[in-house]
Amino acid sequence: MTPAAISPVGIRFENIDKRYGGLYALRRVSLEIAAGECVVLAGRNGSGKTTLLRIAARLVRPSSGSITFLDKKNGAITAASQTGFVAHATMVYDELTAEENLLLFAELLGIAEPAARTETLLAEVGLTDRRKSLVRTFSRGMRQRMAISRALLNEPSVLLLDEPATGLDPQGMSWLAGSLRQMRDAGRTVLMSLHGESEISALATRAVRLEAGSVIADTQTGASLPSILTFAGA
């Protein structure tokens with residue numbers, strides 16, 4: 001993947017609570033993610049990882065607290081044009097081709113020269129030969145490549161990934177690890193949830209563990225990366 005020039009952007013979560021009725025998904029979460037960091041969110045299912053990522057993606061509003069995106073040059077910025085999100089669901093249309101999917105989302109996002117951007121991304125994720133194939137004919141790994149290419153359409157400074165290795169075979173895992181390494185090295189801020197240690201977790205510059213919606217460990221404050229990831233995979 002050929003990295004584009006990136007304007008470094010960080011994320012600040014301040015006292016984030018998220019309640020669903022009487023149930024807390026997140027409790028007083030405060031984190032500062034520096035521009036260019038590659039941070040893993042670890043924890044058991046239900047610990048709050050997905051909720052925090054969806055708040056960062058502006059798909060969910062916190063019940064209280066605030067989230068701020070920080071450009072090194074300009075201070076606080078609007079997040080919409082700066083973030084790309086890969087969820088559990090691939091968020092692409094089965095009855096469209098790979099090319100049609102990316103063209104549609106590029107036009108919705110107001111991408112300049114959508115055809116050229118689509119062609120570039122299909123090449124980068126290794127799907128040029130399947131550009132005219134319906135997505136419903138794709139393997140889970142190919143769908144994941146589509147999801148990542150969709151998230152990269154607007155060349156985001158911040159990439160949010162919820163269990164990005166789900167369903168990938170070893171070849172797909174290696175491709176994802178290589179792609180994430182290039183994104184990290186290009187200056188993108190990466191925040192992703194993972195289970196356990198892997199080729200992908202090895203890219204992390206930092207790990208944060210959540211339990212019952214609260215931050216209980218952070219390598220920035222002395223916890224070790226292996227201990228956080230091993231606990232999360234238990």
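Residues numbered from 1 in each chain as written. Predicted model: local features only at pLDDT ≥ 70, side-chain atom pairs only at ≥ 80, totals over all residues. Heavy atoms only, no water.

Visitor: Tell me about the pairing of strand 2 (residues 23-33), residues and numbers included.
Guide: Across 7 bridges, the pairing between strand 1 (residues 9-20) and strand 2 is antiparallel. Opposite Tyr20, over in strand 2, you have Leu23 as the bridge partner. Counting the residues in the hairpin turn of strand 1 and strand 2 gives 2 residues, including Gly21, whose phi is positive at 65°. (Pairing = 2+ DSSP bridges. Helix = DSSP H or I, 4+ residues; strand = E, 2+ residues; numbered from the N terminus.)

Visitor: Could you give an account of the packing of aromatic side chains, with specific residues and numbers?
Guide: Counted under the stated rule, the structure contains 1 aromatic pair. On the numbers, 6.0 Å between centres and 15° between planes, the contact of Tyr93 with Phe105 is stacked. Here Tyr93 is found in the loop between strand 6 (83-86) and helix 2 (98-108), whereas its partner Phe105 is found in helix 2, with 12 residues between them in sequence. Take Tyr93: its relative accessible area is 47%, and that puts it in the partly exposed class. Directly above the aromatic system of Tyr20 lies the positively charged group of Lys18, at a separation of 5.1 Å from the ring centroid. In this arrangement the basic side chain of Arg145 is found over the ring face of Trp175, its NZ or CZ atom lying 4.7 Å from the centre. (Phe/Tyr/Trp six-rings, centres within 6.5 Å; stacked < 30°, edge-to-face > 60°. Buried < 20%, exposed > 50% of the residue type's maximum accessible area, 1.4 Å probe, protein only. Lys NZ or Arg CZ within 6 Å of the ring centre and 35° of its normal.)

Visitor: How would you sum up helix 2? Please name residues and give values.
Guide: Looking only at helix 2, the buried set comprises Ala98, Glu99, Asn101, Leu102, Phe105 and Ala106. Angularly, the buried residues of helix 2 cover 160° about the axis, an arc narrow enough to put them on a single face. The exposed residues of helix 2 that point more than 90 degrees off its buried face are Glu107 and Leu108. Looking at the buried positions of helix 2, the neighbouring elements they touch are helix 3 (114-124) and helix 4 (140-151). One or two steps after helix 2, the chain reaches Gly110, where phi turns positive at roughly 70°. (Arc of directions from axis to C-beta. Contact = heavy atoms within 4.5 Å.)

Visitor: Go over the pattern of salt bridges with me, naming the residues and quoting the values.
Guide: A full pass over the atoms with the stated rule returns 9 salt bridges. Between Arg136 and Glu95 there is a salt bridge, with the nearest N and O atoms lying 3.2 Å from each other. One end of the pair, Arg136, is in the loop between helix 3 and helix 4; the other, Glu95, is in the loop between strand 6 and helix 2, with 41 residues separating them in the sequence. Note on Arg136: relative accessible area 46%, which makes it partly exposed. Overall, the relative accessible area of 54% leaves Glu95 in the exposed class. (Salt bridge = Lys/Arg side-chain N within 4 Å of Asp/Glu carboxyl O.)

Visitor: Give me the lowdown on the domain arrangement of the chain, citing residues and values where you can.
Guide: If you check the domain split of the chain, you get domain 1 (1-78 + 157-234) and domain 2 (93-155). On the domain 2 side, the residues contacting the 17 residues of domain 1 number 10 residues. Applying the counting rule to domain 1 against domain 2 returns 0 salt bridges. No other element matches the 4 residues that helix 5 (residues 170-185) contributes to the side of domain 1 that touches domain 2. (Domains from an automatic or database assignment.)

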